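# Tertiary structure, described
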Amino acid sequence: MPRTTISVIKADVGSFPGHSRTHPKLLETAAKMLKAERGKLLVDSFVTHCGDDLELIMTHTRGVDSEAIHRLAWNVFLECTGVAKNLKLYGAGQDMPADAFAGNVRGMGPGVAEMEFEERESDPVLVFMAGKTGPGAWNFFLYKVFADPFNTPGLVTDPSLSEGFVFEVHDLVGKRKISFACPEESYSLLAYIGAPSRYVIRHVFKKDGTIAASTSTQRLNTMAGRCRGTDDPVMIVRAESGFPSMGEAIEPFTIPVLVAGWMRGAHHGPLMPVGLCDANCTRFDGPPRVICFGFQVTNGKLIGPADMFDDPGFDRVRARCNELADTIRAQGPFEPHRLSSEEMAYTTLPAVEKKLEPRWEPLGD
Ligand code: 13P
Ligand code: MG
């Protein structure tokens, strides 16, 4: 049995109205193009959206970073950009800043999370997709799932988990990476991932090197100094039998965590877990939200999806997120609702400052 690869590649190539949701014509175009590749490049595929991001979930046997798979995703986004332009959708082609495909969509605009593994007897996989936030948003949740026994009792009670996990962290500013083994290095890990605008968990592995989780770390909004909104990351997590259980993997989303993104990619706000029917960003272009689709991966086929946050068990966190949203919104243009000056450097604020620059006078003391 060949190893299975799951590739989740996403891009915002236009939405309606404004930055709120993907148009059905884009979903249809993408679904058709991927379906045509089943039995050829792909084993299986599923197309969905979170807010204004078009999400391509694909299985195949070509491994991660496959040029053919990335080219396919690129072509889907190009075709959908054309559809978006015809409909004059908002931000048509927003996440496609590069002119031509250059072998890998990483660093070109779209976000990518991939993993390759040998299927277990039964392989539950969760795909998380977020809107109106950046890649560091997963840090808190991955720590809770794979390193915190108060979230994941299996770390204490299940011998197949008690060794702990290894976290690979990327420094998006210094362009370098480091790995921390947990639980023994959990404080060192937290020293970095507590600053999610710079340090992002890219992978989580079992201690024997088996992949457990993979995220997209692309920061499109900092590419070439462009101001292009939020990155809206994706994440793949394997569950059960040697990994945290399905329920342990979604449990931390009951905590209303403040993340960076939301309006103009320039504000902190609560990350709200929602079912697909609520995966549309409206209030103040948000609030930031996350959906989770559960699949059984069976000989490369995607059995599912199950819409994991479509559950009254998440009603209370949604209510708490709304309360937090009211509280932080009341601060208007003040920090910490507005991002720190450092992060605002990638928004339209520097243009305002540039205009006002000549009016500043030295204090003279
Ligand atoms: P997106 O990056 O999701 O398009 O959002 C941009 C934005 O400015 C929202 O206010
Ligand atoms: Mg958008």
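Residues numbered from 1 in each chain as written. Chains lettered and ligands numbered in written order. Predicted model: local features only at pLDDT ≥ 70, side-chain atom pairs only at ≥ 80, totals over all residues. Heavy atoms only, no water.

What the protein chain contains, in helices and strands, is 9 helices and 15 strands. In terms of overall dimensions, the protein chain is globule-like: its C-alpha atoms have a radius of gyration of 20 Å, near the 21 Å expected for 365 residues. Along the first, second and third principal axes, the C-alpha set of the protein chain runs to 70 × 50 × 40 Å. Among the 365 residues that make up the protein chain, the fraction classed as buried is 54%. Of all intrachain contacts in the protein chain linking residues separated by at least 6 positions in sequence, the fraction that spans at least 24 positions is 69%. Within the structure as shown, the protein chain displays about 16300 Å² of accessible surface, and the carbon and sulfur contribution to it stands at 54%. A distance of 6 Å separates the average location of the 39 positive side-chain charges in the protein chain from that of its 46 negative side-chain charges. (Helix = DSSP H or I, 4+ residues; strand = E, 2+ residues; numbered from the N terminus. Rg over C-alpha atoms; globule rule 2.2 N^0.38 Å. Buried < 20%, exposed > 50% of the residue type's maximum accessible area, 1.4 Å probe, protein only. Contact = heavy atoms within 4.5 Å. Areas by Shrake-Rupley, 256 points an atom, 1.4 Å probe, with all protein chains shown as cover. Lys, Arg positive; Asp, Glu negative; His and termini not counted. Charge placed at Lys NZ, Arg CZ, Asp CG, Glu CD.)

Moving on, we come to the side chain of Thr152. Along the chain, Thr152 turns up in the loop between helix 3 (138-147) and helix 4 (154-157). In this structure the side chain of Thr152 is engaged in a polar contact, spanning 2.7 Å, whose partner is the backbone oxygen of Val145. Excluding residues that lie within four positions of it along the chain, Thr152 makes contacts with Lys144, Val145, Leu161, Pro244 and Glu248. (Polar contact = N/O pair within 3.5 Å; in protein donor to acceptor, adjacent residues only side chain to side chain.)

Take the state of the cysteines next. Under the definition given, this model contains 0 disulfides. Cys50 carries a free sulfur, and the closest cysteine sulfur to it, the one in Cys281, is 6.1 Å from it. Looking at Cys80, it has no disulfide partner, and the nearest cysteine sulfur is the one in Cys50, 17 Å off. (Disulfide = S-S within 2.5 Å.)

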